[in-house]
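Spelled out from the first residue to the last, the chains are:
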Amino acid sequence: MSDKAVITCALNGVLTDPKQHNVPVTPEQMAREAKAAFDAGASIMHIHLRQQAPGKGHLPSWEVSVSKEIQQAIREACPGVIINHTSGVSGPNYSGALDCIRETKPEIAACNAGSLNYLKVKADNTWAWPPMMFDNAVEKVKDYLDVMNEVGTIPEFECFDVGIVRCVGMYHQVGMYNGPLEYNFVMGVASGMPSDPELLPILIKLKRPEAQFQVTAIGREEIWPLHQRCAELGGHLRTGLEDAFYLADGKKVTSNGQLIEAIAACARRAGREIASPAEARKIFGTNR
């Protein structure tokens, strides 16, 4: 168990429409939201890229220039901050994600560690969206890991289901990756692992013993007991407008800073202090 809890803020995600929710899109907006999260205790900023043209902020971008501008703005606003870059792409063309990691060399990048049928059913028993596959074959995972190894970026292994947790250990066994290990247990996706605190000890048992772990909890006010349990079991903490809009009392937030304040309180209730960016670098083993 790490005595100090590292907090990641997932600033904006890829699915949330800025016309409906207060998610940042431009470098200036990303920097402002990052500063609010940083001041509340987050030392890592997980970023997604959006198209910058007017009215296009709901669409993803893989332009290296956009990534560089956003990272620079965040680093200027938050001295010493750690960048965690998205990499998630469905389909066979993920060269843009590889280019962003290769060219910008973030300290950490997401590495989706296995495939998932990405599904949700509405109250009227129809699909919320057309059923889709979030495909992350071993060959694709290896391509990401090769680029991350090349530039010294630490992968954060995104695990959407129990079997994917076990796959990470196999990647290590066969030599696909031998550096510092960090698992991100993604819980709350309707077709993946539920946001159930009782599941968390099983996931911890299945990870490699030397690895750090955190939880991404997706949902409304029901996710906060899971965050609290993660803090109690020695995990690191993540929240942000990518994952949630509601506090434990059901209040809807308007800023990432409010969510980070709430999750920092989870750590303190568990008797843990919040890690600084320098301490987070040491805990996760990044050399930058």
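Residues numbered from 1 in each chain as written. Predicted model: local features only at pLDDT ≥ 70, side-chain atom pairs only at ≥ 80, totals over all residues. Heavy atoms only, no water.

## Side note on the overall build of the protein chain
Here is step 1 of the chain: In terms of regular secondary structure, the protein chain is built from 9 helices and 12 strands.
Here is step 2 of the chain: Taking 288 residues into account, the globule formula puts the C-alpha radius of gyration at 19 Å, and the protein chain, at 17 Å, falls close to it.
Here is step 3 of the chain: Taking all 288 residues of the protein chain together, the buried fraction comes to 53%.
Here is step 4 of the chain: For the protein chain, restricting intrachain contacts to residue pairs at least 6 apart in sequence, the fraction spanning at least 24 positions comes to 72%.
Here is step 5 of the chain: With the model as given, the accessible surface of the protein chain reaches about 12,300 Å², and the carbon-plus-sulfur share is 53%.
Here is step 6 of the chain: Across the protein chain, 29 positive and 33 negative side-chain charges occur, with their mean positions spaced 1 Å apart. (Helix = DSSP H or I, 4+ residues; strand = E, 2+ residues; numbered from the N terminus. Rg over C-alpha atoms; globule rule 2.2 N^0.38 Å. Buried < 20%, exposed > 50% of the residue type's maximum accessible area, 1.4 Å probe, protein only. Contact = heavy atoms within 4.5 Å. Areas by Shrake-Rupley, 256 points an atom, 1.4 Å probe, with all protein chains shown as cover. Lys, Arg positive; Asp, Glu negative; His and termini not counted. Charge placed at Lys NZ, Arg CZ, Asp CG, Glu CD.)

## Considering the packing of helix α1 (residues 27–40) against helix α2 (residues 64–77)
To describe two helices that pack against each other, one gives the angle between their axes and the distance between the axes.
Here is step 1 of the chain: Interaxial distance between α1 and α2 falls to 8 Å at its minimum, and their mutual angle equals 35°. In this structure, the crossing between α1 and α2 has a hand that is right-handed. Within the contact between the two elements, α1 uses Pro 27, Met 30, Ala 31, Ala 34 and Lys 35 and α2 uses Glu 69, Ile 70, Ala 73, Ile 74 and Ala 77.
Here is step 2 of the chain: Tallied by class, the residues present in the contact of α1 with α2 amount to 8 nonpolar, no polar and 2 charged. (Axes fitted to C-alpha atoms, helices over the stretch in contact; angles between N-to-C directions. Left-handed = near helix turned anticlockwise from the far one by under 90°. Nonpolar A, V, L, I, M, F, W, Y, C, P; charged D, E, K, R; others polar.)

## Regarding the sheet that holds strand β5 (residues 108–112)
Here is step 1 of the chain: Here we have 8 strands rolled up into a closed barrel, ordered β2-β3-β4-β5-β8-β9-β10-β11, and parallel in their pairing. When strand polarity is set aside, the average angle formed by the axes of neighbouring strands in this sheet is 25°.
Here is step 2 of the chain: Across the face of the sheet, helix α4 (residues 138–151) comes into contact with β5 and β8 (154–159) while running at roughly 165° to β5. (Pairing = 2+ DSSP bridges.)

## Some words on helix α7 (residues 224–232)
Here is step 1 of the chain: Within α7 the residues assigned to the buried category are Trp 224, Leu 226, His 227, Gln 228, Cys 230 and Ala 231.
Here is step 2 of the chain: Gly 234 occupies a position one or two residues after α7 and carries a positive phi of about 90°.

## A few points about the state of the cysteines
Here is step 1 of the chain: Applying the stated criterion across every chain, the model contains 0 disulfides.
Here is step 2 of the chain: For the unlinked cysteine Cys 100, the closest cysteine sulfur is that of Cys 111, found at 15 Å.
Here is step 3 of the chain: The cysteine Cys 167 is free of any disulfide, with Cys 159 supplying the nearest cysteine sulfur at 8.3 Å.
Here is step 4 of the chain: Since its relative accessible area comes to 26%, Cys 167 is described here as partly exposed. (Disulfide = S-S within 2.5 Å.)

## A closer look at the pairing of strand β2 (residues 7–10)
Here is step 1 of the chain: The side-chain alternation of β2 yields two buried faces, one formed by Ile 7 and Cys 9 and the other by Thr 8 and Ala 10.
Here is step 2 of the chain: The pairing of β2 with strand β11 (residues 236–239) spans 3 bridges and is parallel. Its bridge partner being in β11, Ile 7 is matched across the sheet by Leu 237.
Here is step 3 of the chain: Pairing between β2 and strand β3 (residues 44–47): 3 bridges, direction parallel. Pairing of Ala 10 across the sheet is with His 46, part of β3.
Here is step 4 of the chain: This β-α-β element, β2 to α1 to β3, shows right-handed connectivity. (Right-handed = clockwise from strand over helix to strand, strands pointing away.)

## Examining the pairing of strand β9 (residues 182–187)
Here is step 1 of the chain: With respect to burial, β9 is a largely interior element, 6 of its 6 residues being buried.
Here is step 2 of the chain: Residues Glu 182, Asn 184 and Val 186 line one face of β9 and the alternating positions Tyr 183, Phe 185 and Met 187 line the opposite face, and both faces are buried.
Here is step 3 of the chain: Relative to β9, β8 runs parallel, the two being bridged by 3 bridges. Opposite Phe 157, over in β9, you have Tyr 183 as the bridge partner.

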